[in-house]
6 protein chains.
Amino acid sequence: MIEILNEQNLPNLPWEDRPAGDSRPAWRYSRNPVIRRDLLPTSNSIFNSAVVSFRGGFAGVFRCDDTSRKMQLHTGFSPDGLAWTICPDPIQFNSEDAEIGRFVYGYDPRVVWIDDRFYVTWCNWYHGPTIGVAWTQDFETYQQLENAFLPFNRNGVLFPRKIAGKFAMLSRPSDNGHTPFGEIYYSESPDLCYWGRHRHVMGPVDNSWMYTKVGAGPVPIETSEGWLLIYHGVLTSCNGYVYSAGTALLDREKPWQVIARSRHYLLSPQTVYECVGDVPNVVFPCASLCDAPTGRLAIYYGAADTVTALMFAYVEELVDFTKKHSLI
Amino acid sequence: MIEILNEQNLPNLPWEDRPAGDSRPAWRYSRNPVIRRDLLPTSNSIFNSAVVSFRGGFAGVFRCDDTSRKMQLHTGFSPDGLAWTICPDPIQFNSEDAEIGRFVYGYDPRVVWIDDRFYVTWCNWYHGPTIGVAWTQDFETYQQLENAFLPFNRNGVLFPRKIAGKFAMLSRPSDNGHTPFGEIYYSESPDLCYWGRHRHVMGPVDNSWMYTKVGAGPVPIETSEGWLLIYHGVLTSCNGYVYSAGTALLDREKPWQVIARSRHYLLSPQTVYECVGDVPNVVFPCASLCDAPTGRLAIYYGAADTVTALMFAYVEELVDFTKKHSLI
Amino acid sequence: MIEILNEQNLPNLPWEDRPAGDSRPAWRYSRNPVIRRDLLPTSNSIFNSAVVSFRGGFAGVFRCDDTSRKMQLHTGFSPDGLAWTICPDPIQFNSEDAEIGRFVYGYDPRVVWIDDRFYVTWCNWYHGPTIGVAWTQDFETYQQLENAFLPFNRNGVLFPRKIAGKFAMLSRPSDNGHTPFGEIYYSESPDLCYWGRHRHVMGPVDNSWMYTKVGAGPVPIETSEGWLLIYHGVLTSCNGYVYSAGTALLDREKPWQVIARSRHYLLSPQTVYECVGDVPNVVFPCASLCDAPTGRLAIYYGAADTVTALMFAYVEELVDFTKKHSLI
Amino acid sequence: MIEILNEQNLPNLPWEDRPAGDSRPAWRYSRNPVIRRDLLPTSNSIFNSAVVSFRGGFAGVFRCDDTSRKMQLHTGFSPDGLAWTICPDPIQFNSEDAEIGRFVYGYDPRVVWIDDRFYVTWCNWYHGPTIGVAWTQDFETYQQLENAFLPFNRNGVLFPRKIAGKFAMLSRPSDNGHTPFGEIYYSESPDLCYWGRHRHVMGPVDNSWMYTKVGAGPVPIETSEGWLLIYHGVLTSCNGYVYSAGTALLDREKPWQVIARSRHYLLSPQTVYECVGDVPNVVFPCASLCDAPTGRLAIYYGAADTVTALMFAYVEELVDFTKKHSLI
Amino acid sequence: MIEILNEQNLPNLPWEDRPAGDSRPAWRYSRNPVIRRDLLPTSNSIFNSAVVSFRGGFAGVFRCDDTSRKMQLHTGFSPDGLAWTICPDPIQFNSEDAEIGRFVYGYDPRVVWIDDRFYVTWCNWYHGPTIGVAWTQDFETYQQLENAFLPFNRNGVLFPRKIAGKFAMLSRPSDNGHTPFGEIYYSESPDLCYWGRHRHVMGPVDNSWMYTKVGAGPVPIETSEGWLLIYHGVLTSCNGYVYSAGTALLDREKPWQVIARSRHYLLSPQTVYECVGDVPNVVFPCASLCDAPTGRLAIYYGAADTVTALMFAYVEELVDFTKKHSLI
Amino acid sequence: MIEILNEQNLPNLPWEDRPAGDSRPAWRYSRNPVIRRDLLPTSNSIFNSAVVSFRGGFAGVFRCDDTSRKMQLHTGFSPDGLAWTICPDPIQFNSEDAEIGRFVYGYDPRVVWIDDRFYVTWCNWYHGPTIGVAWTQDFETYQQLENAFLPFNRNGVLFPRKIAGKFAMLSRPSDNGHTPFGEIYYSESPDLCYWGRHRHVMGPVDNSWMYTKVGAGPVPIETSEGWLLIYHGVLTSCNGYVYSAGTALLDREKPWQVIARSRHYLLSPQTVYECVGDVPNVVFPCASLCDAPTGRLAIYYGAADTVTALMFAYVEELVDFTKKHSLI
């Protein structure tokens, strides 16, 4: 029996039971997309967004590209995780240092509760893409900290607790374009300002759905078997990138050590809303909600870089799935 | 109050009122695509085509790629701008000079009435793509003139009157492939044979829907506020180009001076017929019909490089839209 | 009157009559795709597969990419060519030489009966893609032979009889990526071990639907007019490759000599299942069934690198189509 | 006997007799380079420059890249064509139109006398490289005219007389980088402002020293056999471009018609000053001096994009060389 | 009068007076190269190396590529900075963590004295190039610390004192190939383990000798006018990269603020040993020795990625040179 | 003691003793280049050529690019291997099959005696580069056989005896450009017409002088320790390819099994004639002469793709060198 650690009771998380006759480890919400591209009148697309439990309902930080195609972050709230109200104005981060606080663009946020507050990480421009870090306690004011790394980096995801007394982050060093490579690394920090002790975690796998690059997805979920990491992997077809989602288990105290890693994808782009849009063939998970007692998991993912969709799974089944056909 | 200059009364232009509850400056025809890909039995696709008012109805020059994927130009006629009859044989251009008259391929035509005849411009092969020029008075015989420029060039669009006594053309210098750059220039000619006094008009815009390249669309519409130019802009996603449409206002006597330019796109590929086809994610406007007294505008655009579609707008609203969030 | 040579009576081949009012030389099965992507619970996609008549019904070798996106070959059986049962385990090839028998990946199989057995050819990894060769008599055990060529090669297709006493194969030399070039060659062998006398057959055609590369499709069909070859051709749009199907006639005794070759494609990606999927815009024929007395032809093709579809035609009409607008 | 037309008596042109035992059509000056890279204290390199007879001695327009590597044009004077004094300040072109007169960079000039003045053409930045045009009568003040073409263009070379009453220019349409293609075109103008009637002259030749691109060199020399054009051609080795010089004969009244074109290069980079420098392996001719009565020819060429060198030849021998192994 | 801060008296630094008649700010050693490519019998090349004053003579860390072309670091000693003895065995770094201590390759070292020891930084492989850090007190044993950053990074250069109480480093984020871009950043660390507060310093300059990329060179020299930084800049010719050296002045307390930056290069590849070698056309400074009382400066630089050369200058003249034609 | 097998007594091979004080395994001829680029008046360059002992003196097949840069093969003779007479006309190969006999270009020949005649292999165009094969007994008439493989291939080198009763060849599958990859394979043939049983021999080595590609050089020399193979390896610097020479030992009966392979290059481009020329930085060995009793070896190699040079070595020392720092 797998134990889920440090997660809340979340009986009201959005949920649909597995369809009859379907034995796959994850299944789509039948009313996807859960957030359409123009929920904001000014938006071109809303996707790759992060959701957490907040004051009995849900809050989140959303990637909303407007119709000039500027990439920005907006706050949103929902009573049930399905119907969302997104603030029309983008988030204004407070920063003590104008050099850091000058916002050029931001995208692909993650949100995580550590100790006493929510931390937001996102892909933040600073002479190129790198990892922006901020915190909030109320989703109204946000305090921006130092960027975690030098450019170029993307998909910075904090662990939900300190590990060996240090903040811990996964990230994916990149270049400044549509990076055709990408491996996941682990870094730690005593203070969210200085980062070091970088460790290689895992890279692409030849002849697989993730042979071009991989990057961390939602905040990892701690289990008695290790950290359950949902991540994206990319395959390059002759007509471009195909983004799918997969799972891995990382050691609880040395998360750069991979315990298991599923040879199979968890979800690949197969529906019209995943295959057709601004970037065809993209499934990109960024957040999950977990109800600890039941192990139910609602995973938010961007579809075709255009809309936000939901899939469901059970933590225990994902752990089994990860170990059953592991590459390790 | 904006005045529309030098446009006809065109009460019978194709038209649908704006859908209830839609506040956007342009809206799609509900029965799109207006021309399907195989309207000609021999055609693979019909798109990026030009339409004008002609003898109480409408005529046009159409890009029809046949099933060998040869790019050719065909004449078409319609009583209402919606139901079209396209001549099965491609246009045969008459030319006094065999060097110029040898037709290899032609695509993306525009048609404009100047003084006493219709002029056709198109992307014409002469050791590479350049701007072909011809005229017709009856859409039966076409007289080809000199190519306007040396290769490599695309999207040559004539203004509908001489400016300062000279013919005036917008164009987009290119290379000989799927050009990953492109800016709009203005050139003039005393005689449609010799061209000069080239001026830079406008280029791509960073972090926007048009950061890769821009090119002129339909023939500009003269208003008291300046020339209203509808144009296409291209963004490069990791899975290829995304072509959207936008608007700009150019000075009436010095059209290389940009008065306003909308930060937001007017229309981006979002419907299935715009997102799925021979080239996914393309909206490419090439012609418009304007009813001067009411300011109604019917804009023909190619969708997914496969079919021809229509959108509608009001000139005055487009001018306002252009100025409201202007980049200038 | 065209005579079909060396083909069987196959009255029970899958078939639908041409739709009323449709004059095109090939038409799609109305219930396409005939094999859906997840017919095997473990499969991501099933496409580019080969089917033959077998013991009163049909058998085949199928490309089944599993959900790790590993490319493998599976056996399948069907009573009618429409409803298929695919063996859940991939084919295990027996090989006397471990160097050759080590299976890394295999895809795009063809199957052909020669003399007394079925031969399978496929794109087989050996330090890069090359042509794997094996035989079976029962679709249960498969004996693998030497790879036909050095890497890099793809689309190896055997002729259904020896020519001038030698085994004969078409293939397409490649590189080790998403090869942006490709021409068809002819090679022969006394023993299926040593290959030589390589001859160039045909290449891409400028300004056409196949200007980037061409490769052989199903096993050629011998007629009194020559070998009828259905093949794929690729055009590169600014958003990637477009794979269409076309036809050619090759000399019966010197198949490297092209008698006729249609300027027009036979089928291009136009339906949703051809335009949307893991690789958008792909029609890729790999096998055909022919009923010699009636000339009816059922052609299996991969669609969007995701599913398997069927189209129908008459051999005699295809020969006429090939000769009518021939490039030769 | 070949007649040289419209060239001056120039008994004092720089000259060295052909070395004994050397039968090649052109030979190098024994004291090359004739202009070293730092003749100006501020220069990084002086090369690809144009020289004419002027007031009993010689004058020229020189490409001098300074030590910021800015490309500029300087005037120079010499009594003998060998010892040069170069003005330390770059040329300031006068222009009536600030849009045109704003100098960003200029390089690879040519100078030619037509009617009553010297015309200078060069590669001029105007939102990309294009052909700048100016005139001078004294090499002190220069009047800049309109750029001849839209970007992107290089190697614009005027003919030394009007042809059929029009100014005539060769040029090489380009892209905005280190263009990996290039063909020579002919264009004409009634007034040096408007240009048209563009004709293709010649392109690269497969499997030759000029298989990548070709561009015009010095001002063509009119002979009774046609215009003698010395031009550069480029081959791409696995370690970059190799620039050599060759010859062609163009029709006197229809210079876009090639009469003869030598299969062999005239000079390729073989000496240290041609093979070693800022761009290794470059021979790039830009100007020639001709003594009509004797047919002696002094050809100035840039070497390794670093220094200026001289070679010598006889016009009659070059015409013979061009015709002897002609590609036409 | 410029004051040189925190530098030693170094009367015995290698030195040659400026040649008569030469007014340029830096001049080459007349006996260059000072270290030939095969000073070690096993070396292919010795270049891009770092030298410091040590125990009355000089010591250094040298990039010695051996004849397998493996890039390694060796210690060397010299009594006069000209005649060097290089240890035949590469440096063995001690490391407490095997993950970090596994040496794959190292190149382009810098050495600097801070407080009580010498620190070495170099380009160190850890799943890609990044910045290795170690210290020594005797050039016999070296203690390796954590890599400073995630891959990919190059040209990490420590400042010779803590700034605002923190270690300070310049570096150039890169990709994993022959990076065609590169900007200099500033980062700081409390402990040489954790790094943060990354600041952008400066990037390439259009239309200049450094339009492709820039990277820090020797350890900066503190003066009353600011930190004197000698750096390399790269221009891309059609035949590859050209590496030159230039100078900048950085603010003493906020070194990410550029006070002045010379528009002109200080030295570009012009001699045979700079233009011919394993990588033609490279001047790459990595170290300097300064005699504070006289301001004499001996700058070691790699030439053509093959040998080590020396140039000389005066600090005060370099500061003047930097400010005189500053880009700022 | 190493035994040299099947090699002749060749006391008159060209030879110079090792220079005093030089301990390297190979040393250059002091009068290099042994064949200058214009030994033929019509040649641009003579390099990558093959030499054998013939009738008491020496004969060879030479790559002579003429001044049109056409690549051709010429016969040459020499009494001492140093002074050469090259036939001015290229070799005319006799072929029974016009398809094969049509000569487009040929380069990089090797010559080997097997049984009763000399065989020539070279890079031969047949719709791309592949391996041409011919034989001669007198260096006057040459009989061309089938090309060994499909395109694309280069550097085909026959073993000097049949192995296990079959002809045996090394080759390097390629693409159709300046191939950025390349591995050596082994193939065999019963008859020089049909080839098969392809085996992978060896590929590039990371972080080495041969990390981009490797290809066989001279005909292998059989020793009691295995076949001594001298081969070229390529490293890609930021300024292009660097070709060096190295050595390997292959199993005598299973030559695809590598016994030893030197980690270090044998010779890299370091002299001016190796570093400067049509392709800078190339050492490319194609032939060797061996005096069996003494083990002396004269190795001919192309330098800078421009001239032919010689180096000397002892077989025994090369075998030791290969084994001493072997990668195996």
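Predicted, not measured: the structure shown is a model, and the values here were computed from it.

Novice: Would you explain the overall build of chain A in this entry?
Specialist: Each helix and strand in chain A was counted, giving 3 helices and 22 strands. A compact globule built from 328 residues would reach a C-alpha radius of gyration of about 20 Å, and chain A, at 18 Å, matches this within 12%. Projected onto its principal axes, the C-alpha positions of chain A cover 55 × 45 × 45 Å. The buried share of chain A, reckoned over its 328 residues, is 68%. Once local pairs closer than 6 in sequence are excluded, the contacts in chain A between residues at least 24 apart make up 54%. When the accessible surface of chain A is summed, it comes to about 10600 Å², and 48% of that surface belongs to carbon and sulfur atoms. Charged side chains in chain A number 28 positive and 35 negative. The centres of these two groups are separated by 4 Å.

Novice: What is the right way to look at the interface of chain B and chain D in this model?
Specialist: Interfaces are often sized by the accessible area lost when the parts come together. Counting residues at the interface gives 33 residues for chain B, matched by 34 residues for chain D. Summed over both partners, the interface of chain B with chain D comes to about 2700 Å²; 60% of that surface belongs to carbon and sulfur atoms. Three residues, L150(B), Y194(B) and H198(B), lead the burial of chain B against chain D; their summed loss comes to 27% of the area buried on that side. A salt bridge links D97(B) to R199(D), with the shortest nitrogen-to-oxygen separation between them at 2.4 Å.

Novice: Explain the interface of chain B and chain A to me, please; I cannot follow it from the model alone.
Specialist: Across the contact, 20 residues belong to chain B and 20 residues belong to chain A. Taking both sides of the interface into account, the surface hidden between chain B and chain A amounts to around 1600 Å²; carbon and sulfur atoms contribute 53%. A per-residue breakdown of the area chain B buries against chain A is headed by N207(B), C238(B) and N239(B), which together make up 34% of the total. Where chain B meets chain A, there are 0 salt bridges. If you look at where chain B meets chain A, you find 11 residue pairs in polar contact (both at pLDDT 80 or more). Tallying contributions element by element places strand 17 (residues 226-237) of chain B first for the side of chain B that touches chain A, with 3 residues. Of the residues belonging to the side of chain B that touches chain A, the class tally is 9 nonpolar, 9 polar and 2 charged.

Novice: For this particular structure, what's the right way to read the relation of the copies chain B and chain D?
Specialist: Copy one and copy two of the chain differ by a rotation about a common axis and a shift along it. Once chain B has been moved 0.0 Å along the axis and rotated by 180°, it coincides with chain D to within an RMSD of 0.0 Å. The transformation just described matches what one would write down for a two-fold rotation axis. Interface residue correspondence from chain B to chain D reaches 100%, placing this contact among same-surface, isologous pairings.

Novice: Could you clarify how one ought to interpret the environment of L10(B) in this entry?
Specialist: Residues and elements named next belong to chain B. Along the chain, L10 turns up in the segment before strand 1 (27-28). On the basis of relative accessibility, which here comes to 5%, the residue L10 falls in the buried class. Sequence separation of L10 and Y107 is 97 residues, and the distance between their C-alpha atoms is 27 Å. If we skip the residues at most four places from it in the chain, L10 touches S53, F58, L289, C290, D291 and R296.

Novice: Got a minute to help me understand the sheet that holds strand 22 (residues 307-314) of chain C in this structure?
Specialist: In any sheet, the strands associate via hydrogen bonds between backbone groups, in a parallel or an antiparallel arrangement. All names here are of chain C. Taking strand neighbours across the sheet as the criterion, the 4 strands line up as 1-22-21-20 in an open arrangement whose pairing is antiparallel. Only two strands of the sheet have a single partner each, and these edge strands are strand 1 (27-28) and strand 20 (283-291). Pairing of strand 21 (residues 296-303) with strand 22 involves 8 bridges; the strand directions are antiparallel. Looking across to strand 22, one finds that I299 is bridged to M311. In the packing of helix 3 (residues 315-324) onto the sheet, contacts are made with strand 20, strand 21 and strand 22, and the angle to strand 22 comes to roughly 85°.

Novice: How should I be thinking about the pairing of strand 22 (residues 307-314) of chain A in this particular structure?
Specialist: Remark: a regular strand shows side chains that alternate across the two faces of the sheet. Residue and element names in this part refer to chain A. Buried residues dominate strand 22, accounting for 7 of its 8 residues. By the bridge criterion, 2 bridges tie strand 1 (residues 27-28) to strand 22 in an arrangement that is antiparallel. Note that in strand 22 the partner of R28 across the bridge is M311. Taken together, strand 21 (residues 296-303) and the strand that follows it, strand 22, pair antiparallel across an intervening segment of 3 residues, in which A304 is found at a positive phi of about 55°.

Novice: Would you take a moment to explain the side chain of D66(E) for this structure?
Specialist: As for its position among the elements, D66(E) is in strand 3 (residues 57-66). In this structure, D66(E) is buried with no salt-bridge partner, the nearest side chain bearing the opposite charge being K70(E) at 6.8 Å. If near-sequence neighbours (up to four positions away) are discounted, D66(E) is found in contact with T42(E), S43(E), N44(E), Q72(E) and H264(F).

Thresholds, definitions, all that
- Residues numbered from 1 in each chain as written.
- Chains lettered and ligands numbered in written order.
- Predicted model: local features only at pLDDT ≥ 70, side-chain atom pairs only at ≥ 80, totals over all residues.
- Heavy atoms only, no water.
- Helix = DSSP H or I, 4+ residues; strand = E, 2+ residues; numbered from the N terminus.
- Rg over C-alpha atoms; globule rule 2.2 N^0.38 Å.
- Buried < 20%, exposed > 50% of the residue type's maximum accessible area, 1.4 Å probe, protein only.
- Contact = heavy atoms within 4.5 Å.
- Areas by Shrake-Rupley, 256 points an atom, 1.4 Å probe, with all protein chains shown as cover.
- Lys, Arg positive; Asp, Glu negative; His and termini not counted.
- Charge placed at Lys NZ, Arg CZ, Asp CG, Glu CD.
- Buried area = accessible area lost by both parts, 1.4 Å probe.
- Salt bridge = Lys/Arg side-chain N within 4 Å of Asp/Glu carboxyl O.
- Polar contact = N/O pair within 3.5 Å; in protein donor to acceptor, adjacent residues only side chain to side chain.
- Nonpolar A, V, L, I, M, F, W, Y, C, P; charged D, E, K, R; others polar.
- Least-squares fit on C-alpha atoms with pLDDT ≥ 70 in both.
- Pairing = 2+ DSSP bridges.
- Axes fitted to C-alpha atoms, helices over the stretch in contact; angles between N-to-C directions.

Read these as layout, nothing more, since geometry by itself doesn't imply function.
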